[in-house]
Amino acid sequence: MIAKLTDVAELAGVSPTTVSRVINNKGYLSEKTKQKVQEAMKTLGYKPNNLARGLQGKSAQLIGLIFPNISNIFYSELIEYLEIELFKHGYKAIICNSQNDPAKEREYIEMLEANQVDGIISSSHNLGIDDYERVAAPIIAFDRNLAPNIPIISSDNFEGGKLAAKTLQKNGCQNIIMITGNDNTDSPTGLRALGFSFQIPEGKIFKVPNTLSTIRREMEIKSIIASNKPDGIFVSDDLTAILTMKIAHQLELKIPDNLKIIGYDGTSFIENFFPQLTTIRQPIDEIASLIVDVLLKKIKGEKASKDYILPISLLPGGSI
């Protein structure tokens, strides 16, 4: 249970007002009093609640969202659905953009703990297991294995990779490759690659890190296409798939006549504004709803399963 200001006051043998004065460094206080309060805070693991100190132990009704890149279309849509769903249940969201930076992620976790959020939803993956296990607030992970006791909610990335490969095969492709990022086998894209390899054991997989500049990524993808001359490409995310289509046009390859391309994510942006792309759709609205449902269970102290995997589907488009 998360320690409250009143718990610190009781252990230190002072009033809650004195604890508040120590935290805010206001008014005259003896060094002995300060030391007693600080020792009590340390013993209880109490972190000053910067946003809700006046709530006197009541729920802050705040949920922290930690995501690696909120400019990514998929994450942006998921965050929007999460915020709407949380608001329905009376919670406000604090959005943290970790930008794949471990130091930044750690600072955000410390900030969320200091503000005594009711829960955390994280899709970031830079920190070790110990960092997340030390957090007192309930945590739900999206697509990432953060720690053994943290529930994971995801779409079926392995089956998504299989479906992408199978779709290219059914449409007559003979030389099929996959272009992905540089994540490991436990990551979402790593599982998509495993599904692709299960369906096409001989299929080549090329890693083009998302950390490269757009120009460098274009050069890498252009070289891959020119060297391997594929007639089908599975790209592990829609934005890179769109970039691949652009490069194919530069190489004067007609899509889908000379080259068929399938992406992954299937956001409403793709469905409404870029129907040229065939892609594997993740059920973003259902993912958000399930994440919030499981988090609320954890907040109430109810039991939750470890893994929740939602089905994927094919979103037809003009690239196949």
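It should be noted that the structure appears before, not after, this text.
Residues numbered from 1 in each chain as written. Predicted model: local features only at pLDDT ≥ 70, side-chain atom pairs only at ≥ 80, totals over all residues. Heavy atoms only, no water.

**Student:** Explain the packing of helix H9 (residues 214-228) against helix H10 (residues 238-250) to me, and be specific about the residues and the numbers.
**Tutor:** For the pair H9 and H10, interaxial distance at closest approach is 10 Å and the crossing angle is 60°. One way to sum up the angle between H9 and H10 is to call them oblique. Where H9 crosses over H10, the two elements pack in a sense that is right-handed. Only Thr240, Leu243, Thr244, Lys246, Ile247 and Gln250 of H10 make contact with H9, whose side of the interface consists of Arg217, Glu218, Ile221, Lys222 and Ile225. Of the residues that constitute the contact of H9 with H10, the class distribution is four nonpolar, three polar and four charged. (Axes fitted to C-alpha atoms, helices over the stretch in contact; angles between N-to-C directions. Helix = DSSP H or I, 4+ residues; strand = E, 2+ residues; numbered from the N terminus. Parallel < 35°, antiparallel > 145°, perpendicular 65-115°, else oblique. Left-handed = near helix turned anticlockwise from the far one by under 90°. Contact = heavy atoms within 4.5 Å. Nonpolar A, V, L, I, M, F, W, Y, C, P; charged D, E, K, R; others polar.)

**Student:** I'd like a rundown of the side chain of Ser124, residues and numbers included.
**Tutor:** By the element assignment, Ser124 lies in the loop between strand S3 (119-122) and helix H6 (129-133). Judged by its relative accessible area of 0%, Ser124 is buried. At a separation of 3.1 Å, a polar atom in the side chain of Ser124 contacts the side chain of Glu105. (Buried < 20%, exposed > 50% of the residue type's maximum accessible area, 1.4 Å probe, protein only. Polar contact = N/O pair within 3.5 Å; in protein donor to acceptor, adjacent residues only side chain to side chain.)

**Student:** Summarise the sheet that holds strand S7 (residues 204-207); cite the residues concerned and give the values.
**Tutor:** What links the strands of a sheet is backbone hydrogen bonding, and the strands pair in either a parallel or an antiparallel sense. Reading across from one edge, S7-S6-S8-S9-S10-S12 is the order of the six strands in this open sheet, with mixed pairing throughout. The open sheet has two edge strands with one neighbour each: S7 and strand S12 (313-315). Strand after strand, the sheet turns through a mean of 25° between neighbouring axes, direction not considered. Across four bridges, strand S9 (residues 260-265) lies against strand S10 (residues 278-281) in parallel orientation. Looking across to S10, one finds that Asp265 is bridged to Arg281. On top of the sheet, H10 reaches strand S6 (176-180), strand S8 (232-235), S9 and S10; it is set at about 160° to S9, its chief contact. (Pairing = 2+ DSSP bridges.)

**Student:** Help me get a handle on the pairing of S6, residues and values and all.
**Tutor:** Summarising burial for S6: five of the five residues are buried, a large majority. Going residue by residue along S6, you find Ile176, Met178 and Thr180 tucked away on one face and Ile177 and Ile179 tucked away on the opposite face as well. Examined bridge by bridge, S6 and S8 share four bridges and lie parallel to one another. Paired with Ile179 across the strands is Val235, a residue of S8. Taken together, the four bridges between S6 and S7 define a ladder with parallel strand orientation. Among the inter-strand pairings, Ile179 is bridged to a residue of S7, identified as Phe206.

**Student:** Any details on the nonpolar core? Residues and values, ideally.
**Tutor:** Within the largest apolar cluster, 24 residues are counted, with the highest numbers of intra-cluster contacts made by Leu65, Leu78, Leu82, Ile121 and Ile291. Going through the elements one at a time, strand S1 (62-67), helix H4 (73-88), strand S4 (139-142), helix H12 (284-299) and strand S11 (307-310) are the ones with two or more residues in this core. A total of eight residues in this core trace back to one element, the largest contributor, which is H12. Among all residues touching Leu78, those that are not within four sequence positions of it are Phe67, Phe142, Ile284, Ile287 and Ala288. (Core = buried A, V, L, I, M, F, W, Y, C linked by side-chain atoms within 4.5 Å.)

**Student:** Go over the pattern of salt bridges, please, and point to the residues and values.
**Tutor:** What the rule picks out here adds up to six salt bridges. Among the ionic pairs, Glu85 bridges to Lys88, the shortest N-O distance being 3.6 Å. Residue Glu85 and its partner Lys88 are both found in helix H4; the two are separated by three residues, about one turn of the helix. When its relative accessible area of 15% is taken as the criterion, Glu85 is described as buried. Lys88 sits in the exposed class, given a relative accessible area of 59%. (Salt bridge = Lys/Arg side-chain N within 4 Å of Asp/Glu carboxyl O.)

**Student:** For the sheet that holds S4, give the residues involved together with the corresponding values.
**Tutor:** Taken together, six strands build an open sheet; the order of strands is S2-S1-S3-S4-S5-S11 and the sheet is parallel. Pairing within the sheet leaves two strands with one partner each, and these edge strands are strand S2 (92-97) and S11. In this sheet, neighbouring strand axes are inclined to one another by 20° on average, regardless of whether the strands run parallel or antiparallel. Two elements, S1 and S2, share six bridges in a ladder whose sense is parallel. Bridge pairing links Ile66 to Cys96 in S2. Sheet strands touched by H12: S1, S3, S4, strand S5 (152-155) and S11. Its angle to S4, the strand with the most contacts, is close to 160°.

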